[in-house]
Amino acid sequence: MSQATIPRDDKCNGWYQLLDAPAPARRLNARETADWLVIGAGFTGLAAARRVAELRPFDRVVLVEALRVGQGASGRNTGFVIDLPHKRDLEGDDLAHKQRLLSLNRAAIEDLETLVRRHGIDCGWSLAGKYQGAVGARGLKYLDHYETLLKAFDYPYRRLERDALASILGTRHYAAAIYTANTALMQPAALVRGLGETLPANVELYEHTPVVNLTRSDGQWCATTPEGEVRATNLLLGSNIYAQEFGFLKHRMLPVMTFASMTRALTEEEMARFSTAPHHFGLTPADHAGTTVRLTPDRRLIVRNQYRFVPRYHDDLAERTRIRQGHRDSFEARYPELAHVPFAATWGGACGLSRNYTAFFGKVGDNAWMSGVHQSVGAARGTISGKLLAEMATGQDSRQLADMLAVSGMPALNPPEPFLSLGVKARMKQAAWSSRSEL
């Protein structure tokens, strides 16, 4: 991995800034050997390390993370763990495929909730459900289509119009929304940090330990870090888009960054507009290029929109200023009476997409397994696929594992540069323009 692509913390993640300072990082600064090497301590890597340690309690498991746990992509999303399949999957005719995805996502939510309760992880975990919102005619067209898909899937929902929404969302900006009850909301940086702090005793977590080179020789995987080295018999990859820097799924991933801004905590007076309890919610846009909105339990409003293609996995901080202004416009369109409320943070988080909307799960080499390219739904998919990746690697068999294999595939090859960048950027601009009324 080159210096240009090594993960780095831009110190802008609003979720992470709300956490107490962690204990000093344990860095890998020697030559180590292990039975299992897990790269990446996000949702996937944490779940994989936990499960393989449970299944092989006498094996040594080494988990390496380039940043601190919670600083990377898993700690930068908007804090949804959604049970429903992605809308693109709902649009298919294969009912069994949809049921498998629903079952896997619900298993992820159940697993995470169990760990949160068992270990007392303070991450604002709440089975609050989510709203799918429409602003204008374009959004309503997509919302009507979404309602049709839910009916066809026989999934329970509730549709609310503007007047009923106003007291919940604190704004009359939305014409309508569909509420589904089985989504969990949480503070993602707090959740993944808590998961990292409660790993089994036979997992050794090293932070600030990026893998700069990964090779295989003499039947072992060798990961070189700036200060040390790990040699391991087995490799589990939870590094998502960075995996292609090690030669896996090369030219099959689209690294895309989404952006969010978070306000300071609202005052009692400012909170009066949200009169329907509970006073927190999560809303995703019916038009996928629209705006996501959250009100957190600690009274912060978050808006998320805008996408950028980031082939080096980092964004341009100068561009961030323009993105922040776009967030400001979206925020004030929804909450003009709160125009005086400043943003406390604006940040981006990278996710892995594929041209054929296909996620990968399976073996990528001798004693090497990977889950990634999660199509920006990594909290649920990463959690359950990480767990099942460990089960696959240790020779387990289950209905869940069969379901995961059935809903996974091979991401499509990307066209060569410069055609890839030109095409992706043009498509994003077109989507933003078409969806401008929903921003």
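Starting afresh in each chain, residues are numbered from 1 along the sequence in its written order. Where local features are concerned, this predicted model is filtered to residues with pLDDT of at least 70; where side-chain atom pairs are given and counted, the filter is 80 or more; whole-chain, interface and lining totals use all residues. As a convention, hydrogens and water are excluded, and side-chain values are obtained from all of the structure's heavy atoms.

Draft legend 1. Expanded view of the overall build of the chain. Across its full length, the chain holds twelve helices and 18 strands. With the radius of gyration taken over C-alpha atoms, the globule rule is written as 2.2 Å times the number of residues to the power 0.38. Against the globule reference of 22 Å for 439 residues, the chain gives a C-alpha radius of gyration of 21 Å, in line with a compact fold. Taken over the C-alpha atoms alone, the chain extends approximately 65 × 50 × 45 Å along its principal axes. Of all 439 residues assigned to the chain, the portion counted as buried reaches 58%. Considering only intrachain contacts with a sequence separation of at least 6, the fraction spanning at least 24 residues in the chain is 75%. Helix and strand definitions here come from DSSP, where helices need a minimum of 4 consecutive H or I residues and strands a minimum of 2 consecutive E residues; each element is numbered from the N-terminal end. Think of it in three bands: residues with accessible area under 20% of the maximum for their type are buried, residues over 50% are exposed, and the middle band is partly exposed, with areas taken using a 1.4 Å probe on protein chains only. By the convention used here, residues are in contact when the closest approach between their heavy atoms is within 4.5 Å.

Draft legend 2. How the structure looks around the packing of helix α4 (residues 95-119) against helix α10 (residues 378-393). Orientation is described by lines fitted to C-alpha atoms, with helices fitted over the stretch in contact, and by angles between N-to-C directions that extend from 0 to 180 degrees. Across the interface, α4 lies against α10 with an axial gap of 8 Å and an inter-helix angle of 85°. By the criterion of interaxial angle, the relationship of α4 to α10 is roughly perpendicular. Taking contact as the criterion, the partners of L104, N105, A107, A108, D111 and L112 in α4 are, on α10, A379, A380, R381, T383, I384, K387 and L388. Nonpolar residues are Ala, Val, Leu, Ile, Met, Phe, Trp, Tyr, Cys and Pro. Charged residues are Asp, Glu, Lys and Arg, and all others, Gly as well, are polar. Across the contact of α4 with α10, the residue classes break down as eight nonpolar, two polar and three charged. For classification purposes, angles smaller than 35 degrees are called roughly parallel, those larger than 145 roughly antiparallel, those between 65 and 115 roughly perpendicular, and all remaining angles oblique.

Draft legend 3. Seen up close, the pairing of strand β2 (residues 61-64). With burial as the criterion, each face of β2 is covered, one bearing V61 and L63 and the other bearing V62 and V64. Strand pairing is defined by DSSP finding a minimum of two bridges between the two strands. Sheet topology note: the strand β1 (residues 31-39)/β2 ladder contains four bridges and is parallel. Counterpart to L37 in the pairing with β2 is V62. Relative to strand β8 (residues 203-206), β2 runs parallel, the two being bridged by four bridges. When the sheet's bridge partners are listed, V64 is paired in β8 with Y206.

Draft legend 4. Layout of the environment of D144. Mapped onto the fold, D144 is located in helix α5 (residues 137-153). Distance from D144 to A134, taken between C-alpha atoms, is 9.6 Å for residues ten residues apart in sequence.

Draft legend 5. Summary view of the UniProt feature "domain: FAD dependent oxidoreductase" (unreviewed entry) in the chain. UniProt positions are given in the numbering used here, feature names are shortened, and annotations may be inferred rather than shown by experiment. Cross-referencing UniProt, the feature "domain: FAD dependent oxidoreductase" (unreviewed entry) maps to residues 35-392 in the present numbering. Taken end to end, residues 35-392 is 32% helix and 28% strand, and its two terminal C-alpha atoms sit 16 Å from one another.

Draft legend 6. Representation of the sheet that holds strand β15 (residues 301-309) within the structure. A sheet is described by the order of its strands in space; here eight strands give the open sequence β5-β6-β4-β13-β14-β15-β12-β16, paired in mixed fashion. The outermost strands of the open sheet, each flanked by one partner alone, are β5 (158-161) and β16 (343-353). Looking at each pair of strands side by side, their axes are set apart by 25° on average, direction ignored. Judged from the ten bridges that link them, strand β12 (residues 254-263) and β16 form a sheet pairing that is antiparallel. Paired with F259 across the two strands is G348, which belongs to β16. Docked against the sheet, helix α12 (residues 419-434) engages β12 and β15, running at close to 145° with respect to β15.

Draft legend 7. Expanded view of the state of the cysteines. Two cysteine sulfurs form a disulfide in these notes if their separation is within 2.5 Å. Going through the model one piece at a time under the given rule, you end up with zero disulfides. Unpaired in this structure, C12 has its nearest cysteine sulfur neighbour in C351, at a distance of 18 Å.

Draft legend 8. Summary view of helix α6 (residues 162-169). Those residues of α6 not exposed but buried are L165, A166, I168 and L169. Looking at the packing, one finds that the buried side of α6 touches β4 (130-134), β5, β6 (176-180) and β13 (281-285). Phi turns positive one or two residues past the end of α6, at G170, with a value near 70°.

Draft legend 9. Local environment of the layout of surface pockets. Put simply, the second largest pocket is a space of about 390 Å³. Grid points spaced at 1 Å and placed over the protein atoms alone form the basis of the search, with a cavity being a set where a 1.4 Å probe fits but cannot get out and a pocket an open set showing protein on both sides within 12 Å along at least five of seven lines. Lining residues have an atom within 4 Å of a point. Along the wall of the second largest pocket there are 18 residues; nearest its centre are L19, D122, C123, Q187 and A190. Here the residues of the lining of the second largest pocket sort into eight nonpolar, four polar and six charged. Grid points are joined across faces, edges and corners, and a volume is the space filled by probe spheres set on the points.

Draft legend 10. Highlighting the packing of α10 against helix α11 (residues 399-406). Relative orientation of the contacting elements α10 and α11 amounts to 115°, with a least axis distance of 10 Å. Regarding the angle of α10 to α11, the classification is roughly perpendicular. As for the relative orientation of α10 and α11, their crossing is left-handed in sense. Where α10 abuts α11, its residues R381, I384, S385, K387, L388 and M392 lie against Q400, L401, M404 and L405. Left-handed is the label given to a crossing in which the near helix is rotated counterclockwise from the far helix by less than a right angle, and right-handed is the label when the rotation is clockwise.

Draft legend 11. Main features of the side chain of T209. Counting through the fold element by element, T209 comes out in the loop between β8 and β9 (213-217). Look at T209 and you get buried, because its relative accessible area is 2%. Polar side-chain contacts of T209 include one of 3.2 Å to the backbone nitrogen of L28. Only 2.8 Å separates the side chain of T209 from the backbone oxygen of E207, close enough to count as a polar contact. Setting aside anything within four residues of it in sequence, one finds T209 in contact with R26, R27, L28, V64, E65, A66 and T225. Polar contacts here mean pairs of N or O atoms no more than 3.5 Å apart (in protein, one a potential hydrogen donor and the other a potential acceptor; neighbouring residues in sequence count only if both atoms are side-chain atoms).

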